[in-house]
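Structure assessment
Listed here are the chains, written in short residue letters.
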Amino acid sequence: MVVNQVCKQILLKMRNHISWQYDEFKQVGRDYGSKAEVDVYDSSHADFRDIEAESDRVLDVLKIGSTDTLIDFGSGTGVFAIQAARRCSKVYAVDVSQAMLALASTRAGQAGVSNIEFHHAGFLTYEHGDRPVDAIVTTFAFHHLPDFWKGIALQRMNYMLQPGGQLYIHDVIMDANDALANISAFVQKQAAAGGDFLREDAEGHFREEYSTYDWVMDGLLARSGFTVRSKHIDDGVLGTYLCAKN
Ligand SMILES: C[S@@+](CC[C@H](N)C(=O)[O-])C[C@H]1O[C@@H](n2cnc3c(N)ncnc32)[C@H](O)[C@@H]1O
């Protein structure tokens, strides 16, 4: 995609600049701005995922080393950011929820990790002031943006990366084939793993949030200057993309 200089300047400075901009600080679906939600986040997610093991796998796939820098968008309770900070030189942990940032920052202190910079911002409003990073990671957060704004966010991320820098996205992303059946099966699977809490979590996700088709994601990535190196859609609903900046 060719972006003219005016668009580039707007893309790089989107904090309090556009009156019609999507308000990413307004939570959709579960209210992660609420301390009560934040307090139960890790224990409820432990019913269907091992966030620490997942984080290690992501860092292995990206081959993150001691001189690398990385942005984690939607850093949540900080599990990934803390694991990443132990392996690399600096992590920028970005989240729109003050309650999430407070917990993550307390945990980083308890873990003796001091190379994480926390930012109260999001995909559309974070302004990266340092040198471009080696990798950007976002897990279970990108679906908070409607598709048009996902495209804007990807163009912004492209500018924040070094040439050849890597982008890792893991989120609910649907294979177009059998989507309704796959989603029904996924809701049942979540209910089996975590009872009413995870069933409602999954139902609310598809009812209110902005998960999209994989072919939409493919197009958004290609048009935002990324090459997809690998892509998996597990159970037709859980997508993992490893991309490189062109
Ligand atoms: C489901 S949690 C995922 C947390 C963590 N990445 C994980 O994998 O467990 C979603 C997180 O994204 C944050 N979030 C929502 N919209 C966002 C946005 N536009 N930009 C950055 N973070 C956002 C929420 O506040 C929340 O902390």
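Computed from a prediction, not measured in an experiment: that's the story for all the values here. Residue numbers run consecutively from 1 along every chain, following the written order of its sequence. Only residues with pLDDT of at least 70 are given local features in this predicted model, and only at 80 or more are side-chain atom pairs given and counted; all residues enter the totals for whole chains, interfaces and linings. Here the side-chain values reflect all heavy atoms present in the structure, with hydrogen atoms and water set aside.

**Quick word on the site of the ligand**
One heavy atom suffices: a residue is near a molecule or strand as soon as one of its heavy atoms comes within 4 Å of it. Surrounding the ligand, one finds 18 residues, the nearest of these being Glu24, Tyr41, Gly74, Asp95 and Thr139. Side-chain atoms alone can form a polar contact between residues adjacent in sequence; in general such a contact is a pair of N or O atoms within 3.5 Å, and within protein one must be able to donate a hydrogen while the other accepts it. At 2.7 Å, a backbone N or O of glycine 74 approaches a nitrogen atom of the ligand. Here an oxygen atom of the ligand sits 2.7 Å away from a polar atom, N or O, in the side chain of aspartate 95. In isolation the ligand exposes 600 Å². Once the protein is present, 96% of that is buried. Of the residues belonging to the shell around the ligand, the class tally is eight nonpolar, seven polar and three charged. Shrake-Rupley sampling with a 1.4 Å probe provides the accessible areas, and residues are treated as covered by the protein chains on show and by no other component. Residue type decides the class: Asp, Glu, Lys and Arg count as charged, Ala, Val, Leu, Ile, Met, Phe, Trp, Tyr, Cys and Pro as nonpolar, and the leftover types, Gly among them, as polar.

**Some remarks on the packing of helix H1 (residues 5-12) against helix H6 (residues 147-160)**
Note on method: axes are straight lines fitted to C-alpha atoms, helices fitted across the in-contact stretch only, with angles between N-to-C directions ranging 0 to 180 degrees. A run of H or I in DSSP becomes a helix once it reaches four residues, and a run of E becomes a strand once it reaches two; helices and strands are each numbered from the N terminus. Running from N to C, H1 and H6 cross one another at 90°; their axes reach a closest spacing of 10 Å. Classified by the angle between their axes, H1 and H6 sit roughly perpendicular to one another. Contacts between H1 and H6 involve Lys8, Leu11 and Leu12 on the former and, on the latter, Ile152, Gln155, Arg156 and Tyr159. Across the contact of H1 with H6, the residue classes break down as four nonpolar, one polar and two charged. Any angle from 65 to 115 degrees is called roughly perpendicular, while one under 35 is roughly parallel, one over 145 is roughly antiparallel, and all others are oblique. When checking whether two residues touch, look at their non-hydrogen atoms; a contact exists if any pair is within 4.5 Å.

**As for unusual backbone geometry**
The residue aspartate 178 is not glycine, and still its phi comes out positive at about 55°. Along the polypeptide, aspartate 178 turns up in the loop between strand E5 (161-174) and helix H7 (179-208). Phi is positive for aspartate 235, which is not a glycine, with a value near 55°. Examined against the element boundaries, aspartate 235 turns out to sit in the loop between strand E7 (226-234) and strand E8 (238-245).

**Some points on the packing of aromatic side chains**
The relation between two aromatic rings is expressed through the spacing of the ring centres and the mutual angle of the planes. For Phe, Tyr and Trp, rings pair up if their centres lie within 6.5 Å, where Trp contributes its six-membered ring, and each pair is then called stacked (planes under 30 degrees apart), edge-to-face (over 60) or tilted (otherwise). Tallied over the entire structure, the rule returns 10 aromatic pairs. Arranged with centres 6.1 Å apart and planes meeting at 40°, the rings of tryptophan 20 and tryptophan 149 form a pair that is tilted. Here tryptophan 149 lies in helix H6 and tryptophan 20 lies in the loop between H1 and helix H2 (35-45), a separation of 129 residues in the sequence. For tryptophan 149, a relative accessible area of 10% puts it in the buried group. On the numbers, 5.1 Å between centres and 25° between planes, the contact of phenylalanine 73 with phenylalanine 123 is stacked. Taken together, the positions of phenylalanine 73 in strand E1 (residues 69-73) and phenylalanine 123 in the loop between strand E3 (116-120) and strand E4 (133-139) put the pair 50 residues apart, joining distant regions of the chain. Residue class for phenylalanine 73 comes out buried when judged on its relative accessible area of 1%. Ring-pair connections join several aromatic residues into one group, and the members of that group are Phe73, Phe123, Tyr126 and Phe142. Cation over ring: arginine 30 sits above phenylalanine 197, and NZ or CZ is 4.0 Å from the ring centre. Relative accessible area decides the class of each residue, using a 1.4 Å probe on protein chains only: under 20% of the type maximum gives buried, over 50% gives exposed, and in between gives partly exposed. Geometrically, a charge over a ring is one whose NZ (Lys) or CZ (Arg) sits within 6 Å of the ring centre while staying within 35 degrees of the ring normal.

**Regarding the environment of leucine 103**
Looking at where leucine 103 falls in the secondary structure, it is placed in helix H5 (residues 98-110). A residue is classified by how much of its surface remains accessible, and leucine 103, at 23% relative accessible area, is partly exposed. Considered as a pair, leucine 103 and aspartate 201 are 98 residues apart in the sequence and their alpha carbons are 21 Å apart. Setting aside chain neighbours within four positions, we find leucine 103 in contact with Val38 and Thr77.

**Here we look at the pattern of salt bridges**
Salt bridges are defined by distance alone: a side-chain nitrogen of Lys or Arg within 4 Å of a carboxyl oxygen of Asp or Glu. Here the structure, examined in full by the defined rule, presents 19 salt bridges. Among the salt bridges present, the one from lysine 35 reaches aspartate 39, with a minimum N-O distance of 2.8 Å. One end of the pair, lysine 35, and the other, aspartate 39, are both in helix H2, four residues apart, so they sit about a helical turn from each other. Residue lysine 35 is classed as exposed on the basis of its relative accessible area, which comes to 59%. Residue aspartate 214 is joined to lysine 231 by a salt bridge in which the shortest nitrogen-to-oxygen separation is 2.9 Å.

**What to know about the pairing of E1**
Within E1, five of the five residues are buried, leaving the element largely enclosed by the surrounding structure. Neither face of E1 is left uncovered, since the one carrying Thr69, Ile71 and Phe73 and the one carrying Leu70 and Asp72 both have all their residues buried. Strand pairing follows a simple DSSP-based rule, namely that at least 2 bridges must link the two strands. Here five bridges tie E1 to strand E2 (residues 90-95), and the two strands are oriented parallel to one another. Each residue of the ladder has a partner; that of leucine 70, found in E2, is valine 91. Crossover handedness is defined here as right-handed if the route from the first strand over the helix to the second strand goes clockwise, with the strands pointing away from the viewer. This β-α-β element, E1 to helix H4 (residues 79-87) to E2, shows right-handed connectivity. Pairing of E1 with E4, which is carried by three bridges, proceeds in the parallel orientation. Directly across from isoleucine 71, in E4, lies its bridge partner isoleucine 136.

As far as function goes, none of this settles anything; it's purely spatial.
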